[in-house]
Amino acid sequence: MSTGFIVRLLAPLLWLLFALPHAQAHPHDQDHPSSSDPAQSASLPEPTGRVILTLSGDIAHPNVGDEAHFDRAMLEALPSRVIETHTPWHSDKGRFEGPLVRALLEAVGADGDCLRIRALNDFEAQAPLSDFYDHDVILAMSRDGEPLGIRDYGPLFVVYPFDAHPELLTEAVRFRSVWHVERIIVP
């Protein structure tokens, strides 16, 4: 078996061991109110590989100072989805895979109403948190089974399920579909 296969096989188990016990319900979810219990405020494990995403701002579970840093393996360990969809930037339908943005927000204990998503070139878009709880929006790491490189809108690309929800094909949502994501700020 290849190492990549083993990592993909074990990723959900790692999520259960590390992130899930520290996950916090969305603060606006009336069925699962967030808790201020200090036992639930433990930090995330520190990344062991190259950091590809940083979350900052109003987060409860940092792992480096007051920020949450994620390497590829940590992101792969989060609950993920596959979205098969067309995008306004591709000529054909793609099979995008990556962690659910809401799983990432829960892992860091994000508390706010919106996100500022910043790209490598300092482009920044603001998106309401409700987008990520109303739809299975992912932080795509691969397309058609291949890791997203810089030329392919990677390494991280916010992908909405456009084909499943045509009402998302608006200028506002296209603006929120940031590629080359490097940082997410919870103001």
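What counts and how
Residues numbered from 1 in each chain as written. Predicted model: local features only at pLDDT ≥ 70, side-chain atom pairs only at ≥ 80, totals over all residues. Heavy atoms only, no water. Helix = DSSP H or I, 4+ residues; strand = E, 2+ residues; numbered from the N terminus. Buried < 20%, exposed > 50% of the residue type's maximum accessible area, 1.4 Å probe, protein only. Polar contact = N/O pair within 3.5 Å; in protein donor to acceptor, adjacent residues only side chain to side chain. Contact = heavy atoms within 4.5 Å. Phe/Tyr/Trp six-rings, centres within 6.5 Å; stacked < 30°, edge-to-face > 60°. Pairing = 2+ DSSP bridges. Salt bridge = Lys/Arg side-chain N within 4 Å of Asp/Glu carboxyl O. Core = buried A, V, L, I, M, F, W, Y, C linked by side-chain atoms within 4.5 Å.

Peer 1: Could you give an account of the side chain of Asp131, naming the residues involved and the relevant values?
Peer 2: Take Asp131: it is sitting in helix 4 (residues 129-134). The class of Asp131 is buried, set by a relative accessible area of 10%. One polar contact links Asp131 to Tyr160, side chain to side chain, over a distance of 2.6 Å. If sequence neighbours within four positions are ignored, Asp131 has contacts with Val137, Tyr160 and Arg176.

Peer 1: Break down the packing of aromatic side chains for me, with residues and values.
Peer 2: Tallied over the entire structure, the rule returns ten aromatic pairs. Taking 5.2 Å as the distance between ring centres and 75 degrees as the angle between the ring planes, the aromatic pair formed by Phe123 and Phe175 counts as edge-to-face. Linking Phe123 in the loop between strand 5 (114-119) and strand 6 (124-128) with Phe175 in helix 5 (residues 171-176), this pair joins segments that are 52 residues apart in sequence. We classify Phe175 as partly exposed; its relative accessible area is 45%.

Peer 1: Can you tell me about the sheet that holds strand 3 (residues 80-85), naming the residues and giving the values?
Peer 2: Reading across the sheet, the four strands line up as 3-4-8-9 and stay open at both edges, with antiparallel pairing between neighbours. Where the open sheet ends on each side, the last strands, each with one partner, are strand 3 and strand 9 (146-147). For strand 8 (residues 142-143) and strand 9, the ladder comprises two bridges, and the chain directions are antiparallel. Its bridge partner lying in strand 9, Ser142 is registered against Pro147.

Peer 1: Which residues make up the pairing of strand 2 (residues 68-71), and what are the values?
Peer 2: Along strand 2, one buried face is formed by Ala68 and Phe70 and the opposite face, lined by His69 and Asp71, is buried too. Here four bridges tie strand 1 (residues 51-57) to strand 2, and the two strands are oriented antiparallel to one another. Following the sheet pairing, Leu53 is matched in strand 2 by Phe70.

Peer 1: For the pattern of salt bridges, give the residues involved together with the corresponding values.
Peer 2: Summed over the entire model, instances satisfying the criterion amount to nine salt bridges. Arg143 is the salt-bridge partner of Asp92, the closest N and O atoms lying 2.9 Å from each other. Of the two residues, Asp92 is situated in the loop between strand 3 and strand 4 (94-99) and Arg143 in strand 8; the sequence distance between them amounts to 51 residues. In this structure Arg143 comes out as buried when scored by relative accessible area, which is 17%. Through salt bridges that share partners, Arg81, Arg102 and Asp136 make up one connected network.

Peer 1: Before we move on, can you summarise the nonpolar core with the specific residues and values?
Peer 2: Counting 36 residues, the largest nonpolar core has Leu53 and Phe70 as the members making the most contacts within it. Counting only elements with at least two residues in this core, the list comes to strand 1, strand 2, helix 2 (72-77), helix 3 (101-108), strand 5, strand 6, helix 4 and strand 11 (181-186). The element contributing the most residues to this core is helix 3, with five residues. Apart from residues lying up to four places away in sequence, Leu53 is in contact with Ala68, His69, Phe70, Leu75, Leu104, Leu139, Leu156, Val181, Glu182, Arg183 and Ile184. With ten residues, the next largest nonpolar core counts Phe96, Ala103, Ile138 and Val159 among its residues.

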